[in-house]
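Structure assessment
One-letter residues, chain by chain:
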Amino acid sequence: MQNYLVYISYDGTNYAGYQLQKNAVTVAGKLIEALSAVFGTFSSFHGCSRTDSGVHAREFAFSFKSEKILEEISVVKALNFNLPDDISVRRCEYVSDNFHARYDVVRKEYIYFLYTGKTRDPFLKNYSFFINRDLDIDKMNRAAQSLVGTHDFSAFCASGGKIEDKTRTIYSAFFEKQEELIVFRICGNGFLYKMVRLIVGTLIYVSDGKIDEDKITEMLESKILTPGFAAPSRGLFLNKVYYEN
């Protein structure tokens, strides 16, 4: 059996998230169809993460095993031939038999796009949150620094999350302005259900003066769900997945 690691990008607009679901079109469902067409039978199919409906990925990874041995470039070409054009295989690697695409992740980077133009941009409607006002990036960045480090992030986990241990380590979190776009980057060893979207919504409230910038630490310590809101899924991208090697 050969264990394969495959990196993909996808536009999540037309999918009910990554994870396989009954009666819904998902990214995992399309990958399974393509793998079946190319490899016939396969096993140990694991994605590096779960993404919600409408969330995108610039880099997502999954692993699987098959008795059929193909060159890495052949896997890329064959899977892309069998996938819709909003999912693209970028590269493939042979990995050790015990490699697991989810459990071997050491950190992930997400990015979130806020569009602050005067009028909505139809070309950004599926890939950003149109907020139609200026934001105080300095205030948001000061508040974001309270998230860096190891904390219990229960205050930034939406109801419906099934993971009991909500302790995560955030390595960096900051906003940067790119003309009319404001880009939020956050890197950590793991993320909870809607965690990034809740963080973005909360920091927008900080900019608006609805939440004091010094209250983030207090919110973390309270472990009570933030009074902020979850920013829309369309602005969120899984940007990078990191493994040990």
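Each chain carries its own residue numbering, running from 1 in the written order of its sequence. In keeping with the model being predicted, local features are shown solely for residues with a pLDDT of at least 70 and side-chain atom pairs are shown and tallied solely at 80 or more, while totals for entire chains, interfaces and linings include all residues. With hydrogens and water excluded, all non-hydrogen atoms of the structure serve as input to the side-chain values.

1. Considerations on the overall build of the protein
Starting at the N terminus, helices and strands are each numbered in turn, a helix being any DSSP run of H or I of at least four residues and a strand any DSSP run of E of at least two. The number of helices and strands found in the protein is five helices and 10 strands. Between the two quantities, the radius of gyration covers C-alpha atoms and the globule rule is 2.2 Å times the number of residues to the power 0.38. Relative to the compact-globule value of 18 Å for 245 residues, the protein shows a C-alpha radius of gyration of 19 Å, a close match. Projecting the C-alpha coordinates of the protein onto the three principal axes gives extents of approximately 60 × 40 × 35 Å. When a residue's accessible area, from a 1.4 Å probe over protein chains only, is under 20% of the maximum for its type it is buried; when over 50% it is exposed; and in between it is partly exposed. Here the protein, with 245 residues, has 51% of them falling under the buried criterion. Contacts are residue-level and defined by heavy atoms, with any inter-residue pair within 4.5 Å sufficient. At a minimum sequence separation of 6, the contacts of the protein that also span at least 24 residues come to 70%. Roughly 12200 Å² of accessible area belongs to the protein as shown, and the carbon and sulfur atoms make up 47% of that amount. For the protein, the distance from the average site of its 30 positive side-chain charges to the average site of its 30 negative ones is 5 Å. Per-residue and other accessible areas were derived by the Shrake-Rupley procedure at a 1.4 Å probe size, with only the shown protein chains allowed to occlude residues. Charge assignment: positive for Lys and Arg, negative for Asp and Glu; neither His nor the chain ends contribute. For the purpose of locating charges, the reference atoms are NZ of Lys, CZ of Arg, CG of Asp and CD of Glu.

2. Some remarks on the packing of helix H3 (residues 137-144) against helix H4 (residues 195-208)
Two elements in contact, H3 and H4, have axes separated by 9 Å at closest approach and are oriented at 130°. Put simply, H3 runs oblique to H4. Note that H3 runs across H4; the crossing there is right-handed. Along its contact with H3, which presents Lys139, Met140, Ala143 and Ala144, the element H4 presents Leu203, Ile204, Val206 and Ser207. Charged residues are taken to be Asp, Glu, Lys and Arg, nonpolar residues to be Ala, Val, Leu, Ile, Met, Phe, Trp, Tyr, Cys and Pro, and polar residues to be all remaining types, Gly included. Considered class by class, the residues forming the contact of H3 with H4 number six nonpolar, one polar and one charged. To obtain an axis, a line is fitted to C-alpha atoms, over the contacting stretch when the element is a helix, and the angle between two such axes runs from 0 to 180 degrees between their N-to-C directions. The scheme is simple: roughly parallel for angles under 35 degrees, roughly antiparallel for over 145, roughly perpendicular for 65 to 115, oblique for anything else. Here is the rule for handedness: rotate from the far helix to the near one, and if that takes an anticlockwise turn smaller than a right angle the crossing is left-handed, while a clockwise turn gives right-handed.

3. Quick word on H4
Helix span, expected: 1.5 Å multiplied by one less than the number of residues in the helix. Taking 1.5 Å of rise per residue, the 14 residues of H4 would be expected to cover 20 Å, and the 20 Å separating its terminal C-alpha atoms lies within 8% of that figure. Burial of H4 is extensive: 12 of the 14 residues sit out of reach of the surface. Three or more residues of H4 are buried, namely Met195, Val196, Arg197, Leu198, Ile199, Val200, Gly201, Thr202, Leu203, Ile204, Val206 and Ser207. A positive backbone phi angle near 85° is found at Gly209, which sits one or two residues after H4.

4. Notes on unusual backbone geometry
A positive phi angle, close to 60°, is found at Asn23, a residue other than glycine. Note on placement: Asn23 falls in the loop between strand E1 (2-10) and helix H1 (27-39). One non-glycine residue, Lys223, adopts positive backbone phi at about 60°. Mapping Lys223 onto the fold places it in the loop between helix H5 (216-222) and strand E10 (236-243). Take Lys223: its relative accessible area is 49%, and that puts it in the partly exposed class.

5. Some details on the side chain of Thr202
Following the sequence through the fold, Thr202 ends up in helix H4. Residue contacts for Thr202: discarding those within four places in its chain leaves Phe156, Ile211, Ile216, Met219, Thr226, Gly228 and Phe229.

6. Quick look at the pairing of E10
Where burial is concerned, most of E10 is hidden: six out of the eight residues are buried. For strand E3 (residues 56-66) and E10, the ladder comprises two bridges, and the chain directions are parallel. What sits directly across from His56, in E10, is Phe237. Pairing of strand E5 (residues 105-115) with E10, which is carried by seven bridges, proceeds in the antiparallel orientation. Note on E10: the bridge partner recorded for Val105 is Tyr243. Any two strands are treated as partners once DSSP identifies two or more bridges connecting them.

7. Side note on the packing of H1 against helix H2 (residues 72-81)
Think of two packed helices as two axes; the pair is described by the angle between the axes and how far apart they sit. At a minimum axis distance of 9 Å, the contact between H1 and H2 shows a crossing angle of 120°. By the angle between their axes, H1 is oblique relative to H2. Pair H1 / H2 crosses with right-handed handedness. Where H1 approaches H2, its residues Ala34, Leu35, Val38 and Phe39 are matched on the opposing element by Val75, Ala78 and Leu79.

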